[in-house]
Amino acid sequence: MRGTSQQAQVGVVGADRVEGPLKGNHHRTFAVRVDASSALAKEFRWLKLREPRDGVLWYDMRWFPSEDVVLRLLRDRFGDAVRRVPRVCEQQVQAGPPPVLIALIQFIEGATLDRVRGGRAGRVAERFLRQIEELFAALASIDADRFVEYGSPAVDGCADCNLAAYPEHGGSSQFLSRLLHFTFSHAYDQQRQDMDGLLTDLGVPPEKLAEFAERRPELTDRPRKLLHGDLHRKNFVVDRAGGLWTIDWELALVGDPLYDLATHLHLMGYPADQEAEVIACWERAVGPDAAAGARADLPHYRAYKRVQSLCTDVLRATARLTAADAAEVETSADGGVAAGSSTAGPAATPARRRGAPERLRAAAVVVGRALEAARPHLELDKTLPLPAVELALQAFLQRTGRR
C-alpha cells in the first residue's frame, strides 16, 4: 500500500461507506464497506485499508514486511490450519510494467474482546479461552521454517536481529538475546539522548537498563514456531456467532513459542487464578516439546516484557503529551487563544487547556505502573510516587523545548 493514497484505494475498492481513521500506533487505518456493485463484494463486505504513519518508531521486533504477507502465507500454505483470521487479496491500482498492487485485508465485524463482558475485572469467558487455546495449537502445528524465507531482520544488516539463524542447540536463548538486542540497541537507542535523562529523573539510572540488557539467561531449547507477537484484547474480535477472530499480524515472528505466551499474559492482565489456567491451556495446546522448560523460563520473558514496556510507555507517554500540546497550539492559531494572549477565544480552546493537567496525570499513571512492574527486574529499591512522576515528565517536556 505504500506510495498510494487512501483516496485512490477507496476509489479502486468501490466504497459504499468509510469509517476511520481507527485507533492505532503505527498506521492510519480505515474500515471500508464495499459497494454492492463492486467485484469485491462477492468475497468481502468490509475491507481494512492502511497507510503507515510517518516517523513512527517501532518498539517491537518485526520479521515480516507487512501483515498481508503473513495472512497470505497462512492461506496459501496452510489452508484452514489457523481458523478465523482475515482473508487478503490484491487489487491493481496502476498498470505496469510493473503493475502497482495494493493489499486488501478483510475487516472483521464485531466487538473487540476488551468490550465483551467476562465477569469480574480482567476475566475472560471460558468459551473464548477455548478458542485462544485452539489458536495456540494451530500456531504450534505450523512448520515455521516455511515462513522464515519471507522475512528479514528488523534492522537491515544487523546479524543480531536475524531470526533466520536458529541453531539446533540454544535456539530459545538466542531468540531472547535477539529481542534484548533489538530493544536496547535499536528501538531505545533512537531516543537515548532524551530518554536517559528522563529515566534518571524517574529513578532509573541508565546503567540499570544496561545491566538488564546484558543478562543472557540460558533457556531450555524449544522448536521454532510461528508467533503472532501481539495477542491482546483489542486484537481479538468477537463476531455475532461468538467466534473469536485474531487480527493485526504485523508483529508476527518466528521463534520461541513461549514468547507468545509471555506477551499474551503481559498484555491481557488475567486474574491470577485464570492466568494459571491459561498457562495450562497453552502447555496442552502446543505439546510437550514446545512447552519444555516453560515454567522455569517464563519469568525471563515476563521480565523482558516488563522492562521493555517501561521504555515503551515512557516514550509513548511523552510523544502523546507532545502531540496533544501541538494540537492545542494549532487550535489557538486557528482562532483560539494565542500564546501570550489574555483574550478569550472559542469555548473549545479553554476546555482543551484545562485538560492539560489531566493529560499529564494520566500519562504519569501509565508510567508509574510501568515503573512498579519493572522495579524488581531492574533491581530498584523503590519507585517514585505519582506527583514526582508528573514533575519528571513536566521537566522533560520543558527541557526538550515542549510545553
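About the criteria used
- Residues numbered from 1 in each chain as written.
- Predicted model: local features only at pLDDT ≥ 70, side-chain atom pairs only at ≥ 80, totals over all residues.
- Heavy atoms only, no water.
- Helix = DSSP H or I, 4+ residues; strand = E, 2+ residues; numbered from the N terminus.
- Buried < 20%, exposed > 50% of the residue type's maximum accessible area, 1.4 Å probe, protein only.
- Areas by Shrake-Rupley, 256 points an atom, 1.4 Å probe, with all protein chains shown as cover.
- Phe/Tyr/Trp six-rings, centres within 6.5 Å; stacked < 30°, edge-to-face > 60°.
- Pairing = 2+ DSSP bridges.
- Contact = heavy atoms within 4.5 Å.
- Axes fitted to C-alpha atoms, helices over the stretch in contact; angles between N-to-C directions.
- Parallel < 35°, antiparallel > 145°, perpendicular 65-115°, else oblique.
- Left-handed = near helix turned anticlockwise from the far one by under 90°.
- Disulfide = S-S within 2.5 Å.
- Salt bridge = Lys/Arg side-chain N within 4 Å of Asp/Glu carboxyl O.
- Expected span 1.5 Å × (residues − 1).
- Polar contact = N/O pair within 3.5 Å; in protein donor to acceptor, adjacent residues only side chain to side chain.

Remarks on the overall build of the protein chain
Per the secondary structure count, the protein chain includes 12 helices and 10 strands. Expressed as a percentage of the 403 residues in the protein chain, the buried residues total 48%. Of the roughly 19400 Å² of accessible surface on the protein chain, a fraction of 50% belongs to carbon and sulfur atoms.

Some points on the packing of aromatic side chains
Evaluation of the coordinates by the stated rule reveals 7 aromatic pairs. Between Trp46 and Phe107, the aromatic rings sit 6.1 Å apart at their centres with planes inclined by 50 degrees, giving tilted as the arrangement. Taken together, the residues span a long stretch of sequence, with Trp46 in strand S3 (residues 46-52) and Phe107 in the loop between strand S5 (100-106) and strand S6 (111-112) at a distance of 61 residues. Using a relative accessible area of 7% as the deciding quantity, one classes Trp46 as buried.

Re the sheet that holds strand S8 (residues 236-238)
A sheet is described by the order of its strands in space; here 3 strands give the open sequence S6-S8-S9, paired in antiparallel fashion. Edge positions in the sheet fall to S6 and strand S9 (244-246), since each of these pairs with one other strand and no more. Bridge count between S8 and S9: 3 bridges; the pairing is antiparallel. In the sheet register, Phe236 faces S9, and the bridge partner there is Thr246. Against the sheet, helix H3 (residues 126-141) makes contact with S8 and S9, and its axis sits at roughly 35 degrees relative to S9, the strand it touches most.

Here's the deal with the packing of helix H6 (residues 192-201) against helix H12 (residues 386-399)
Packing of H6 against H12 leaves a shortest axis separation of 9 Å and a crossing angle of 155 degrees. The angle between H6 and H12 falls in the class roughly antiparallel. Crossing of H6 against H12: the hand is right-handed. Counted together, Asp194, Met195, Gly197, Leu198 and Asp201 of H6 and Ala392, Leu393, Phe396 and Arg399 of H12 form the full contact between these two elements.

Let's talk about unusual backbone geometry
Phi is positive for Arg84, close to 55 degrees, though the residue is something other than glycine. Exposure remark for Arg84: the relative accessible area of 18% places this residue in the buried category. In this structure, Asp248 is a non-glycine residue whose phi angle is positive, near 55 degrees. With respect to the helices and strands, the residue Asp248 is situated in the loop between S9 and strand S10 (253-255). With relative accessibility at 16%, the residue Asp248 sits in the buried group.

Digging into the state of the cysteines
Counting across every chain of the model gives 0 disulfides. Here Cys161 stays free of any disulfide, with the sulfur of Cys158 as its closest cysteine sulfur at 3.6 Å.

A word on the pattern of salt bridges
Under the definition given, this model contains 28 salt bridges. Here Glu134 makes a salt bridge to Arg83, at a shortest N to O gap of 3.7 Å. Within this pair, whereas Glu134 is found in helix H3, its partner Arg83 is found in the loop between helix H2 (67-78) and strand S4 (88-94), the two being separated by 51 residues in sequence. Of the residues examined, Arg83 reaches a relative accessible area of 52% and is grouped as exposed. On the accessibility criterion, Glu134 (41% relative accessible area) is partly exposed.

A closer look at the environment of Val204
With respect to the helices and strands, the residue Val204 is situated in the loop between H6 and helix H7 (206-214). Looking at Val204, the relative accessible area reads 1%, which means it is buried. Taking the C-alpha atoms as reference points, Val204 and Thr383, 179 residues apart in sequence, are found 8.7 Å from one another. Residues within four places of Val204 in sequence aside, it is in contact with Leu199, Leu209, Leu310, Leu371, Leu378 and Leu380.

Points about H3
Here H3 is 16 residues long and its end C-alpha atoms lie 23 Å apart, about the 22 Å a rise of 1.5 Å per residue gives. Among the residues of H3, Phe128, Leu129, Gln131, Ile132, Glu133, Leu135, Phe136, Ala138, Leu139 and Ala140 are the ones counted as buried. Summarising the contacts, the buried residues of H3 are in contact with strand S7 (225-227), S8, S9, helix H8 (257-268) and helix H9 (272-290).

Concerning H8
For an α-helix the count is 3.6 residues per turn, leaving residues at separations of three or four pointing the same way. Over its 12 residues, H8 extends 17 Å from the first C-alpha to the last, a length consistent with the 16 Å expected when each residue adds 1.5 Å. By the burial criterion, the buried members of H8 are Pro257, Leu258, Tyr259, Asp260, Leu261, Ala262, Thr263, His264, Leu265 and Met268. For H8, the N-terminal capping position is held by Asp256, with its side-chain oxygen 3.0 Å away from the main-chain nitrogen of Leu258.

Some thoughts on the pairing of S5
Remark: a regular strand shows side chains that alternate across the two faces of the sheet. In terms of residue burial, S5 counts as a mostly covered element, since 5 of its 7 residues are buried. Pairing of S3 with S5, which is carried by 2 bridges, proceeds in the antiparallel orientation. Residue Leu47 lies in a different strand from S5, and its bridge partner there is Gln106. Taken together, the 6 bridges between S4 and S5 define a ladder with antiparallel strand orientation. What sits directly across from Val88, in S5, is Ile105. Counting the residues between successive antiparallel strands, the hairpin from S4 to S5 contains 5 residues.

It is worth stressing that arrangement in space is one thing and function is another; only the former is reported here.
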